[in-house]
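# Geometric and topological summary
One-letter residues, chain by chain:
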Amino acid sequence: MTAQRLQHFEVFFPAVFVAALQQQWPTVRAVFLQDFDSPVIALAPRWLLEAQDGQYGLALAATDLLHSSRQTVADPLQTLLALWQPRGHASPVAPAGFQGGLAGFLGHELMAAHTLGLPCPQPDSALGGLWVGEFAVFLRADPGGGWTLYGPDQPELQTLYQAIAHCATVTAQAEPLQLQGPFTPRWSPAQYQAAFAQVQAYLQAGDCYQVNLTQPFEADVTGSLLSVAASLWQYSRAPFAGWLQMGGGEELLSCSPELFLALDAQQQVRTRPIKG
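Since the structure is predicted, the reported quantities are computational estimates derived from the model, not experimental observations.

## Some thoughts on the pairing of strand β3 (residues 40-43)
- Side chains Val40 and Ala42 of β3 all project onto a buried face; the interleaved residues Ile41 and Leu43 project onto the opposite face, where all are buried too.
- Here strand β2 (residues 30-33) pairs with β3 via four bridges, running antiparallel. Looking across to β3, one finds that leucine 33 is bridged to valine 40.
- Linking β2 to β3, which pair antiparallel, is a turn of six residues; within it aspartate 35 sits at a positive phi near 50°.
- Here four bridges tie β3 to strand β9 (residues 137-141), and the two strands are oriented antiparallel to one another. Bridge pairing in β9 links alanine 42 to phenylalanine 138.

Written as structure tokens, this is what we have:
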């Protein structure tokens, strides 16, 4: 599928657009990436690898990109390598930034196991595994205002494009997010002290020179993270913010100031870490 410039829309808020699209087509998967100064909303992947219900699955989309079939995979990274076919040096379909392709995330535990040659870990939740899809349909924010839709100009995708055009003009709100209790750490104070002591031992032994020791905090909530995404992005002004929803209903909302790696058309690699 080769993406083309299809249609221009006036200014809309990404969170409002995605909420409207999910209400009309709950099966359509979407991901928003701030991508520094080139915001993009990628929609309806050709295929999607994700962790769900304690296992890894592959969803293969039908030709209309609105429906898909799902199968279980044992090694998601090997499946990813087999599925992904880079565009190479094809002509860009959009200004600098996302041109279509992969979008999503890979979990630290999964990548660490792959690097060390260990068995693929089973995810304890969707957030602990991966969510990666190949996207040929996407919306890009225009420098002069508004958004432009890019995608393959194929008859079987017209229903999807009509839904996108409709959702770009309507007002919808995600279910408001409400805390049902305070955030609590997953580790006990004793567990944290033990982990801290182990880090100190690694440093003193010369096994490593830096460790980013973190832990999750949890809270019961109702509603959707999407309802607070716009205000959080505006408040944080994070250049690499993002949002996506997994098959089990879990959401990932990111407000990161850190760029790991970026590769431009001249094959130059940039990195902007906040550590190290």
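Next, the rest of the story.
## Looking at helix α4 (residues 158-167)
- All of the buried residues along α4 are Leu160, Tyr161, Ala163, Ile164, Ala165 and Cys167.
- Packed against the buried residues of α4 are β1 (4-9), α1 (14-24), β3, β9 and β10 (147-151).

## Considering the environment of glutamine 234
- Take glutamine 234: it is sitting in helix α6 (residues 226-236).
- As a C-alpha pair, glutamine 234 and phenylalanine 217 span 17 residues in sequence and 23 Å in three-dimensional space.

## Structural notes on the pattern of salt bridges
- Counted by the stated rule, this structure contains four salt bridges.
- The closest approach of N and O atoms between glutamate 134 and arginine 46, which form a salt bridge, is 2.7 Å. Of this pair, glutamate 134 sits in strand β8 (residues 130-135) while arginine 46 is found in the loop between β3 and β4 (47-52), placing the two residues 88 residues apart along the sequence.
- Note on arginine 46: relative accessible area 33%, which makes it partly exposed.

## A look at the sheet that holds strand β5 (residues 55-61)
- Strand order in this open sheet of five strands is β6-β5-β4-β8-β7, and the pairing throughout is antiparallel. In this open sheet, the two strands that pair with only one neighbour each are β6 (68-73) and β7 (101-106). With strand direction ignored, the average angle separating the axes of adjacent strands in the sheet is 15°.
- By the bridge criterion, four bridges tie β4 to β8 in an arrangement that is antiparallel. Bridged to glutamate 50 within β8 is tryptophan 131.

## A few points about unusual backbone geometry
- Despite not being glycine, alanine 44 shows a phi value in the positive range, around 50°.
- Here alanine 44 is to be found in the loop between β3 and β4.
- Alanine 44 gets classed as buried once you look at its relative accessible area, which sits at 2%.
- With a phi angle near 60°, leucine 65 is a residue other than glycine that sits in the positive phi range.
- Tracing the sequence through the fold places leucine 65 in the loop between β5 and β6.

The rules behind the values
Residues numbered from 1 in each chain as written. Predicted model: local features only at pLDDT ≥ 70, side-chain atom pairs only at ≥ 80, totals over all residues. Heavy atoms only, no water. Buried < 20%, exposed > 50% of the residue type's maximum accessible area, 1.4 Å probe, protein only. Helix = DSSP H or I, 4+ residues; strand = E, 2+ residues; numbered from the N terminus. Pairing = 2+ DSSP bridges. Contact = heavy atoms within 4.5 Å. Salt bridge = Lys/Arg side-chain N within 4 Å of Asp/Glu carboxyl O. Axes fitted to C-alpha atoms, helices over the stretch in contact; angles between N-to-C directions.

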